[in-house]
Amino acid sequence: MAAWLTLWWVWVCAALALGVVELLLPGWIFLGFALGALAMALVVAFWAPGNVALLLAVFAVLSLVAWMALRVLFKRQSSGARIVTRDINEN
């Protein structure tokens, strides 16, 4: 299994598969994993540690960073809905 995880194209395929899952089940969860897998493809292309646990830990950290960045990005694109703090029926 470690040999498969050190190939960059495996991570690109995983990113594409997770992107398709995001299209089928929208929720912005799988998009973070897809971006993490795409970043892992770059990491593995230039530096491929043989330790499977380290590879999966780096993938988890990159996915978390991507998910947090997406959360900040999509929070800025709010719908502009008004927040009502006072009811017109109260006196």
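Everything quoted here is computed from the prediction, not taken from an experiment.

Conventions used here
- Residues numbered from 1 in each chain as written.
- Predicted model: local features only at pLDDT ≥ 70, side-chain atom pairs only at ≥ 80, totals over all residues.
- Heavy atoms only, no water.
- Helix = DSSP H or I, 4+ residues; strand = E, 2+ residues; numbered from the N terminus.
- Rg over C-alpha atoms; globule rule 2.2 N^0.38 Å.
- Contact = heavy atoms within 4.5 Å.
- Areas by Shrake-Rupley, 256 points an atom, 1.4 Å probe, with all protein chains shown as cover.
- Core = buried A, V, L, I, M, F, W, Y, C linked by side-chain atoms within 4.5 Å.
- Buried < 20%, exposed > 50% of the residue type's maximum accessible area, 1.4 Å probe, protein only.
- Lys, Arg positive; Asp, Glu negative; His and termini not counted.
- Salt bridge = Lys/Arg side-chain N within 4 Å of Asp/Glu carboxyl O.
- Patch = residues over 30% accessible without salt bridge, like charges linked within 9 Å, V, L, I, M, F, W, Y side chains within 5 Å.

A. Geometry of the overall build of the protein chain. Summing up its helical and strand segments, the protein chain has 4 helices and 0 strands in all. Walking the protein chain from its N terminus toward its C terminus, one meets helices and strands in the order α-α-α-α. Radius of gyration (C-alpha) of the protein chain: 19 Å, far over the 12 Å computed for a compact globule of 91 residues. Projected onto the principal axes, the alpha-carbon positions of the protein chain cover approximately 70 × 25 × 20 Å. Across the protein chain, the fraction of contacts at a sequence separation of at least 24, relative to all contacts at a separation of at least 6, is 56%. Entry remark: accessible area of the protein chain is about 6900 Å², with carbon and sulfur atoms responsible for 72%.

B. Summary view of the nonpolar core. If you look at the biggest cluster of nonpolar residues, it comprises 11 residues: Leu5, Trp11, Ala15, Leu18, Ala34, Ala37, Met40, Ala41, Val44, Leu55 and Phe59. Of all the secondary structure elements, the ones that give two or more residues to this core are helix H2 (8-24), helix H3 (30-46) and helix H4 (52-76). If one sorts the elements of this core by residue count, H3 sits on top with 5 residues. In this structure, Leu5 is in contact with Trp11, Val44, Val52, Leu55 and Leu56, ignoring residues within four places of it in sequence.

C. Inspection of the side chain of Ser63 at higher detail. Looking at where Ser63 falls in the secondary structure, it is placed in helix H4. Judged by its relative accessible area of 4%, Ser63 falls in the buried class. Excluding residues that lie within four positions of it along the chain, Ser63 makes contacts with Gly32, Phe33 and Gly36.

D. Structural context of the side chain of Glu22. In this fold, Glu22 is placed in helix H2. One buried charged residue, Glu22, forms no salt bridge at all, with the nearest opposite charge on Arg71 at 13 Å. The contact partners of Glu22, leaving out residues within four places of it in the chain, are Gly27, Trp28, Ile29, Phe30 and Leu31.

E. Up close: the environment of Leu25. Of note, Leu25 is situated in the loop between H2 and H3. With a relative accessible area of 53%, Leu25 lands in the exposed category. Considering only alpha carbons, one finds Leu25 and Val65, 40 residues apart in sequence, at a separation of 21 Å.

F. Up close: a nonpolar patch on the surface. On the surface, Ile29, Phe33, Leu64, Trp67 and Met68 cluster together to form a nonpolar patch covering roughly 460 Å² of accessible area. Sorting elements by how many residues they give to the nonpolar patch places H4 first, with 3 residues. Secondary-structure assignment places Trp67 in helix H4.

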